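Next come the chains, spelled out residue by residue.
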Amino acid sequence: MGHRVRVLAGLWALAEVAVFVLVASWIGVGATLLAALATTVLGWSLMARQGSRAMAELRERAMTHRPPGRAAGDAGLVAVGGALMVLPGFFGDVVGLLCLLPFTRPLVRAAVGRGLAARLGISLAPAGPVRVRATRVPGAAPAGPRVRVIEGEVAGDVVDAGPRV
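Residues numbered from 1 in each chain as written. Predicted model: local features only at pLDDT ≥ 70, side-chain atom pairs only at ≥ 80, totals over all residues. Heavy atoms only, no water.

Digging into the packing of helix H3 (residues 70-86) against helix H4 (residues 90-100)
Consideration 1: Axis separation between H3 and H4 bottoms out at 7 Å; the angle between their running directions is 155°. In terms of their interaxial angle, H3 and H4 are classed as roughly antiparallel. Relative to H4, the crossing made by H3 is left-handed. Contacts between H3 and H4 involve Leu-77, Val-78, Gly-81, Gly-82, Leu-84 and Met-85 from the first element and Gly-92, Asp-93, Val-95, Gly-96, Leu-97, Cys-99 and Leu-100 from the second. (Axes fitted to C-alpha atoms, helices over the stretch in contact; angles between N-to-C directions. Helix = DSSP H or I, 4+ residues; strand = E, 2+ residues; numbered from the N terminus. Parallel < 35°, antiparallel > 145°, perpendicular 65-115°, else oblique. Left-handed = near helix turned anticlockwise from the far one by under 90°. Contact = heavy atoms within 4.5 Å.)

A short note on the side chain of Arg-61
Consideration 1: For Arg-61, the location among the structural elements is in helix H2 (residues 29-63).
Consideration 2: When its relative accessible area of 17% is taken as the criterion, Arg-61 is described as buried.
Consideration 3: Sequence-distant contacts of Arg-61, that is, excluding residues within four places in its chain, are made with Arg-66, Pro-67, Pro-68 and Ala-71. (Buried < 20%, exposed > 50% of the residue type's maximum accessible area, 1.4 Å probe, protein only.)

With respect to the pattern of salt bridges
Consideration 1: All told, the structure shown has 4 salt bridges when counted by the stated rule.
Consideration 2: For Arg-66, the salt bridge goes to Glu-60, with nearest N and O atoms at 2.7 Å.
Consideration 3: Judged by its relative accessible area of 37%, Arg-66 falls in the partly exposed class.
Consideration 4: Taking the shortest distance from any N to any O, the salt bridge between Asp-74 and Arg-109 comes out at 2.5 Å. Remark: Arg-109 occurs in helix H5 (residues 105-120) and Asp-74 occurs in helix H3; sequence separation between them is 35 residues.
Consideration 5: Residue Asp-74 is classed as buried on the basis of its relative accessible area of 15%.
Consideration 6: The class of Arg-109 is buried, set by a relative accessible area of 14%.
Consideration 7: Through salt bridges with shared partners, one network takes in Asp-74, Arg-105 and Arg-109. (Salt bridge = Lys/Arg side-chain N within 4 Å of Asp/Glu carboxyl O.)

Following this line, the structure appears as structure tokens:
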């Protein structure tokens, strides 16, 4: 795993340098440096705005005793996107912008969810209805108070299982 991370980091840095050189050859070195500075300032601004919204959502969920769900994922994506936007480089700025903007964040969340599911070997396909049956067994009644068994079926989600990707 460590080797893959080092290779990925090296390829990322190589892509950043290549894109930076291409942009510098296209618009000039001075304009490229100004553009990199502008994307850093934009990253700080977006991270502050979207981060405060994500934290407010997490705080509201905690106060109402609801699971964090999608709000926790959004807070994580805002943090990663802000870090990518603040670091110099245009390739990271594009990925960071995808993580920071509210209308592109679900796409990133879905891609990350699919990647994690594939890595863990689980399926993200929704499960069908869960069938539950209860039967009485003669002579198996407990010594305590009378137990009432209600037969039925569970046809939908019973518990909020967290974020759906």
